[in-house]
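# Results of the structural survey
Take a look at the letters that make up each chain.
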Amino acid sequence: PPIRLSIRLSVCPSAYPSVHPPLRLSICLFILACMLLGAGTGVPMHFHGPTFAEVMYGRKRWFFYPPTHDFRASYHSDLSMLQWYVEEFPLLDRTKKPLECTLEPNQLIYFPDRWWHSTLNIDESVFVSTFLSPTPS
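Reading the values: the criteria
- Residues numbered from 1 in each chain as written.
- Predicted model: local features only at pLDDT ≥ 70, side-chain atom pairs only at ≥ 80, totals over all residues.
- Heavy atoms only, no water.
- Helix = DSSP H or I, 4+ residues; strand = E, 2+ residues; numbered from the N terminus.
- Buried < 20%, exposed > 50% of the residue type's maximum accessible area, 1.4 Å probe, protein only.
- Salt bridge = Lys/Arg side-chain N within 4 Å of Asp/Glu carboxyl O.
- Patch = residues over 30% accessible without salt bridge, like charges linked within 9 Å, V, L, I, M, F, W, Y side chains within 5 Å.
- Areas by Shrake-Rupley, 256 points an atom, 1.4 Å probe, with all protein chains shown as cover.
- Pairing = 2+ DSSP bridges.
- Contact = heavy atoms within 4.5 Å.
- pLDDT = per-residue confidence, 0-100.
- Polar contact = N/O pair within 3.5 Å; in protein donor to acceptor, adjacent residues only side chain to side chain.
- Core = buried A, V, L, I, M, F, W, Y, C linked by side-chain atoms within 4.5 Å.

### With respect to unusual backbone geometry
When glycine is set aside, most residues are seen to have a negative phi, and most peptide bonds are trans. Despite not being glycine, asparagine 106 has its phi angle at roughly 70 degrees, a positive value. Structurally, the position occupied by asparagine 106 is in the loop between β6 (99–103) and β7 (107–111). In this structure asparagine 106 comes out as exposed when scored by relative accessible area, which is 58%. Even without a glycine there, the phi angle at arginine 114 is positive, about 65 degrees. On the basis of relative accessibility, which here comes to 48%, the residue arginine 114 falls in the partly exposed class.

### Concerning the pattern of salt bridges
Evaluated as defined, the whole model comprises three salt bridges. Here arginine 59 and aspartate 123 are joined by a salt bridge, their closest N and O atoms 2.7 Å apart. Taken as a pair, arginine 59 in the loop between β4 (51–57) and β5 (60–65) and aspartate 123 in the loop between β8 (116–121) and β9 (125–133) lie far apart in primary sequence, 64 residues in all.

### Digging into a nonpolar patch on the surface
On the surface, Phe52, Leu108 and Tyr110 cluster together to form a nonpolar patch covering roughly 300 Å² of accessible area. Relative to the elements of secondary structure, leucine 108 occurs in strand β7. Using a relative accessible area of 53% as the deciding quantity, one classes leucine 108 as exposed.

### Structural notes on the pairing of β5
Remember that side chains alternate between the two faces of the sheet whenever the strand is regular. The buried count for β5 comes to five of six residues, which makes it a mostly enclosed element. With five bridges joining them, β5 and β6 adopt antiparallel strand pairing. Paired with lysine 60 across the two strands is leucine 103, which belongs to β6.

### Digging into the environment of tryptophan 116
Residue placement: tryptophan 116 occurs in strand β8. The contacts of tryptophan 116, once residues within four sequence positions are left out, are Met45, His46, Phe47, Phe63, Phe64, Tyr65, Pro66, Pro67, His69 and Phe71.

### Some words on the confidence of the model for the chain
Confidence along the chain averages 78 in pLDDT terms, with 72% of residues attaining 70 or more. Contacts for the low-pLDDT stretch residues 1–25, under 50 throughout, to residues beyond four places or in other chains number 30 contacts.

### Considerations on the environment of aspartate 123
For aspartate 123, a relative accessible area of 26% corresponds to the partly exposed category. Taking the C-alpha atoms as reference points, aspartate 123 and leucine 37, separated by 86 residues in sequence, lie 8.5 Å from one another. Sequence-distant contacts of aspartate 123, that is, excluding residues within four places in its chain, are made with Leu37, Gly38, Ala39, Gly58 and Arg59. A distance of 2.7 Å separates a polar atom in the side chain of aspartate 123 from a polar atom in the side chain of arginine 59.

### Digging into the nonpolar core
With 10 residues, the main nonpolar core is built from Met45, Phe63, Tyr65, Phe71, Leu79, Met81, Trp84, Phe89, Leu92 and Leu120. Of all the secondary-structure elements, those providing two or more residues to this core are β5 and α1 (81–88). Residues in contact with leucine 120, not counting those within four places in the same chain, are Gly40, Thr41, Gly42, Arg59, Lys60, Arg61, Phe63, Met81, Leu82 and Tyr85. Val55, Trp62, Phe64 and Leu103 belong to the second largest nonpolar core, which has seven residues in total.

### Let's talk about the environment of tyrosine 85
Position of tyrosine 85 among the secondary structure elements: in helix α1. Considering only alpha carbons, one finds tyrosine 85 and glycine 40, 45 residues apart in sequence, at a separation of 10.0 Å. The contacts of tyrosine 85, once residues within four sequence positions are left out, are Arg61, Phe63, Pro90 and Leu120.

Dropping the structure here:
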């Protein structure tokens, strides 16, 4: 299971007298996930809080759409990521293609909150993801 660490921070109101109401920060620092997956596997399009992801071994292809993009015209959830990449991706109009990159071993990527993304493992891959997410106030 993922390791979950949550810390609630409160800033002393007297230290920031011009801030009304008192400044209060509540954050969940991270959830850490480490996985080993085979070549050709992947995760379909989804979103969550901001994330850092690092490939330790193998290569992982990433596909991104900004939060405001309606990706449903470019992505069919009934296909595996490998099927989508081989059959549908090459046919997409340039304006409907996602942003993409390939992470090599020891490379790290960060993406912001609510960005749509999916992955395709090019090789057998070992990777670590650190999910950052604010907790409700």
